[in-house]
Amino acid sequence: MKSAVETLNPTRVRLTVEVPFEELKPSLDAAYRKINQQVQVPGFRKGKIPARIIDQRFGRGAVLEEAVNDALPKFYSEAVNDGELNPLGQPDVDITELKDNETLTFTAEVDIRPELEIPDFSGIEVTVDAIEVPDEDVDKAVDQLRDRFATTTVVEREAADGDVVKVDLQARVDGELLEDGVAEGVNYTIGSGQMLEGLDEAVIGLAAGGTATFTSELRGGSGAGQEAEVSVTVESVSARELPELDDDFAQLASEFDTLEELRADSRRRLADERTYQQATEAQEKVLDALLELVEVPLPEKLLAEEIKTRKHNLEHHQLPQLGMDLEAYLKLQEKTAEEFDNEVKEQAEKGIRTQFVLDEIAKRDNLTVSQEELTEHLVRRAQSSGMSPDQFAKAVVEGNQVSMLVGEVSRGKALASVVEAATVKDSNGELVELDEEDETEEATAAVADAAEANEAVTAEDATEKKSDES
């Protein structure tokens, strides 16, 4: 077999492969055996039909077609290895010549990973928000905890802001009651803003048995995004009573003996949370700065498949869980279809560029993934997916996704190495020192989250997803 590689552009090549006919013999023999098991010819036992009879009855062309289909993957793989290529996805194959007992010639066009030149990124400097925990934020955190321990008592009066009302709701669009537009016995805290816009104003001033009607845009269900006329009936009104902010409350709501200790713990938790947010912000800004330094050609077919996959996941998985379609989603987001398409394209481009660049850094720096690192990442992914580690591991193995997890870890380590080399300062001008181990874990988690929500897939992955969708 002889093969030659022609570069069509930085992300696509054409392989031309010539195969001597004798190298087709194993596939040709297999084709005869396969056809032998599928057909019957009077006078011959099944599986014992001579090759010349098969040629006469079914045509030599059918045998050659079966043999070529069987042999092409092998010859293509050999040509890829000979050319030292990194293909992305399935090739577009064209058989240019097939001469019986002489030669087979075919071409295969395929996207490849572009060759990237990673510049010195140690000069990257970014600024992130300083970690500050003002007293008012601590007050808010303690108040939220206090709110969880509030008690309610049914009262015989009109509802006021802060009360809990039990209500029945009916939603009509164009005068028609929606099938999923009825809700009964719903508890709602006035002023929380957790239900329909206009509900607060409608129920304030109503006592038990009172009714009102208001207009609101539905957030979910079959009428999502549409204006509806909503009728509300108040079943009961309950006053909320918050516990006193004192040491007794601290002992009731926590493991601490004093309110001062509870507030100190709240401050520490907020500081930890903002430290994590700061590290995440640093990673995002450093990554953006890195991508600005590297020119990354994008394979057109890969980009098209990635955009298609993202749209499919949103329309057929994410939005249905929210009870809405794409039209309702665009209305809620106040975006046109063109703006949505541009946004998805930008996200897809960034996802692919990120994957290529971090993969190149991991390869250049020989960043390997240990079994321990892979296991830790698997456990974290299992937790985020709501599955047990065993269940998640089984799903990963059955879906042939182990390499995907390994890639997430190696890219996380690559991103962490870039962040470590960069200069990160906070908004106060102070140098930010990120914990190296936490930095790697957070970077890996960030890469995994991005892969889960906006996965930068290879064309092969996209082809598999397309097959699954159909």
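Keep in mind that what you see is a predicted model, and the values were worked out from it rather than measured.

Some words on the overall build of the protein
Line of reasoning, step 1. On a plain count of helices and strands, the protein comes out with 15 helices and 11 strands.
Line of reasoning, step 2. Taken over the C-alpha trace, the protein has a radius of gyration of 32 Å; the compact-globule value for 470 residues is 23 Å, which it surpasses by more than 25%.
Line of reasoning, step 3. By its C-alpha atoms, the protein is 95 × 60 × 40 Å across when sized along the principal axes.
Line of reasoning, step 4. For the protein, buried positions account for 38% of its 470 residues.
Line of reasoning, step 5. Residue pairs at least 24 apart in sequence account for 69% of intrachain contacts in the protein once pairs closer than 6 positions are excluded.
Line of reasoning, step 6. As presented, the protein carries roughly 26900 Å² of accessible surface, and 45% of it is formed by carbon and sulfur atoms.
Line of reasoning, step 7. Side-chain charges of the protein comprise 48 positive and 106 negative groups, with the mean position of each set lying 10 Å from the other.

Section: the UniProt feature "domain: PPIase FKBP-type" (unreviewed entry) in the protein
Line of reasoning, step 1. The feature "domain: PPIase FKBP-type" (unreviewed entry), as given by UniProt, occupies residues 162–209 in the numbering adopted here.
Line of reasoning, step 2. Across residues 162–209, the secondary structure splits into 10% helix and 50% strand, with the terminal C-alpha atoms separated by 19 Å.

Some thoughts on the packing of helix α7 (residues 259–293) against helix α13 (residues 402–421)
When two helices pack together, their arrangement is given by the angle between their axes and by how far apart the axes lie.
Line of reasoning, step 1. α13 packs onto α7 with a crossing angle of 90° between their chain directions and a minimal axis gap of 10 Å. Here α7 lies roughly perpendicular to α13, going by the angle between them. On the side of α7, the interface is formed by Q283, V286, L287 and L290, while α13 contributes L415, V418 and V419.
Line of reasoning, step 2. Grouping the amino acids of the contact of α7 with α13 by side-chain chemistry returns six nonpolar, one polar and no charged.

Digging into the pattern of salt bridges
Line of reasoning, step 1. Following the criterion strictly, the structure yields 30 salt bridges and no others.
Line of reasoning, step 2. Where E97 meets K99, a salt bridge forms, and the shortest distance between an N and an O atom there is 3.3 Å.
Line of reasoning, step 3. Overall, the relative accessible area of 30% leaves E97 in the partly exposed class.
Line of reasoning, step 4. For K99, a relative accessible area of 38% puts it in the partly exposed group.
Line of reasoning, step 5. A salt bridge links E306 to R310, with the shortest nitrogen-to-oxygen separation between them at 2.6 Å. One end of the pair, E306, and the other, R310, are both in helix α8 (residues 300–321), four residues apart, so they sit about a helical turn from each other. Comparing E306 with R310, the two get one shared label, buried.
Line of reasoning, step 6. Residues joined in a network through salt bridges with shared partners are E6, R12, R14, D92, E109, D111 and K301.

Some thoughts on the nonpolar core
Line of reasoning, step 1. Within the largest apolar cluster, 44 residues are counted, with the highest numbers of intra-cluster contacts made by I124, L290, Y329, V357 and I361.
Line of reasoning, step 2. Secondary structure elements with two or more residues in this core: β5 (125–128), α7, α8, α9 (326–333), α10 (337–364), α13 and α14 (436–453).
Line of reasoning, step 3. Counting residues per element, this core draws most heavily on α10, at nine residues.
Line of reasoning, step 4. Here Y329 is in contact with L314, L319, M324 and F340, once residues within four sequence places are set aside.
Line of reasoning, step 5. Core analysis: the second largest hydrophobic core is formed by 30 residues, V17, V41, L104 and I112 among them.

Considering a nonpolar patch on the surface
Line of reasoning, step 1. On the surface, V93, I95 and L98 cluster together into a nonpolar patch covering about 220 Å² of accessible area.
Line of reasoning, step 2. Using a relative accessible area of 35% as the deciding quantity, one classes L98 as partly exposed.

Remarks on the environment of A362
Line of reasoning, step 1. Examined against the element boundaries, A362 turns out to sit in helix α10.
Line of reasoning, step 2. Since its relative accessible area comes to 8%, A362 is described here as buried.

With respect to the packing of aromatic side chains
Line of reasoning, step 1. Evaluated as defined, the whole model comprises two aromatic pairs.
Line of reasoning, step 2. With centroids separated by 6.2 Å and ring planes inclined at 85°, the aromatic side chains of F149 and F249 adopt a geometry described as edge-to-face. Remark: F249 occurs in helix α6 (residues 247–253) and F149 occurs in the loop between α4 (135–148) and β6 (151–154); sequence separation between them is 100 residues.

A word on the confidence of the model for the protein
Line of reasoning, step 1. Per-residue confidence for the protein gives a mean pLDDT of 88, with 93% of residues at or over 70.
Line of reasoning, step 2. Looking across the protein, the model is least confident in helix α15 (residues 459–469), with a mean pLDDT of 35, and most confident in β5, with 97.
Line of reasoning, step 3. Across residues 453–470 the pLDDT falls below 50, and counting only partners more than four positions away or on other chains, this stretch makes 33 contacts in the model.

With respect to unusual backbone geometry
Line of reasoning, step 1. Of note in the backbone geometry, E84 takes a positive phi value of approximately 50° without being a glycine.
Line of reasoning, step 2. Following the sequence through the fold, E84 ends up in the loop between α3 (60–82) and β3 (87–99).

Observations concerning the pairing of strand β1 (residues 2–9)
Line of reasoning, step 1. Relative to strand β2 (residues 12–20), β1 runs antiparallel, the two sharing seven bridges. Looking at β2, one finds that N9 is bridged to R12.
Line of reasoning, step 2. Where β1 folds back onto β2 in an antiparallel hairpin, the turn is made up of two residues.

Conventions used here
Going along each chain's sequence as written, the residues are numbered from 1 onward. Reporting in this predicted model follows two pLDDT cut-offs: at least 70 for local features of residues, and 80 or more for side-chain atom pairs to be given and counted; totals over whole chains, interfaces and linings ignore these cut-offs and use all residues. The side-chain quantities take in all heavy atoms of the structure and omit both hydrogens and water. A run of H or I in DSSP becomes a helix once it reaches four residues, and a run of E becomes a strand once it reaches two; helices and strands are each numbered from the N terminus. Throughout, radius of gyration means the C-alpha value; the globule benchmark is 2.2 Å times the number of residues raised to the power 0.38. Remark: exposure states derive from per-residue accessible area (1.4 Å probe, protein chains only) relative to the maximum for the residue type, with buried under 20%, exposed over 50%, and partly exposed in between. Contacts: residue pairs with any heavy atoms within 4.5 Å of one another. In short, Shrake-Rupley with a 1.4 Å probe defines the accessible areas, and a residue's cover is counted only from the protein chains shown. When charges are counted, Lys and Arg are positive and Asp and Glu negative, with His and the chain ends excluded. By convention, charge coordinates are those of NZ in Lys, CZ in Arg, CG in Asp, or CD in Glu. UniProt positions are given in the numbering used here, feature names are shortened, and annotations may be inferred rather than shown by experiment. Between the N-to-C directions of two axes lies an angle of 0 to 180 degrees, each axis being a line fitted to C-alpha atoms and, for a helix, fitted only over the stretch in contact. Any angle that falls under 35 degrees is termed roughly parallel, while one over 145 is termed roughly antiparallel, one within 65 to 115 roughly perpendicular, and all others oblique. In the scheme used here, Gly and all other residues not listed as nonpolar or charged are polar, with Ala, Val, Leu, Ile, Met, Phe, Trp, Tyr, Cys and Pro taken as nonpolar and Asp, Glu, Lys and Arg as charged. The salt bridge definition used is simple: a Lys or Arg side-chain nitrogen within 4 Å of an Asp or Glu carboxyl oxygen. Buried Ala, Val, Leu, Ile, Met, Phe, Trp, Tyr and Cys residues that are joined via side-chain atoms within 4.5 Å together make up what is termed a nonpolar core. For patch building, the residue pool is restricted to those with more than 30% relative accessible area and no salt bridge; the joining distance is 9 Å between like charges and 5 Å between nonpolar side chains (Val, Leu, Ile, Met, Phe, Trp, Tyr). Aromatic rings from Phe, Tyr and Trp, taking only the six-membered ring of Trp, are treated as a pair when their centres fall within 6.5 Å; an angle between ring planes under 30 degrees marks them as stacked, one over 60 as edge-to-face, and anything in between as tilted. The predictor's confidence in any single residue is recorded as pLDDT, a number from 0 to 100. Here the rule is simple: two strands pair whenever DSSP picks up at least two bridges between them.

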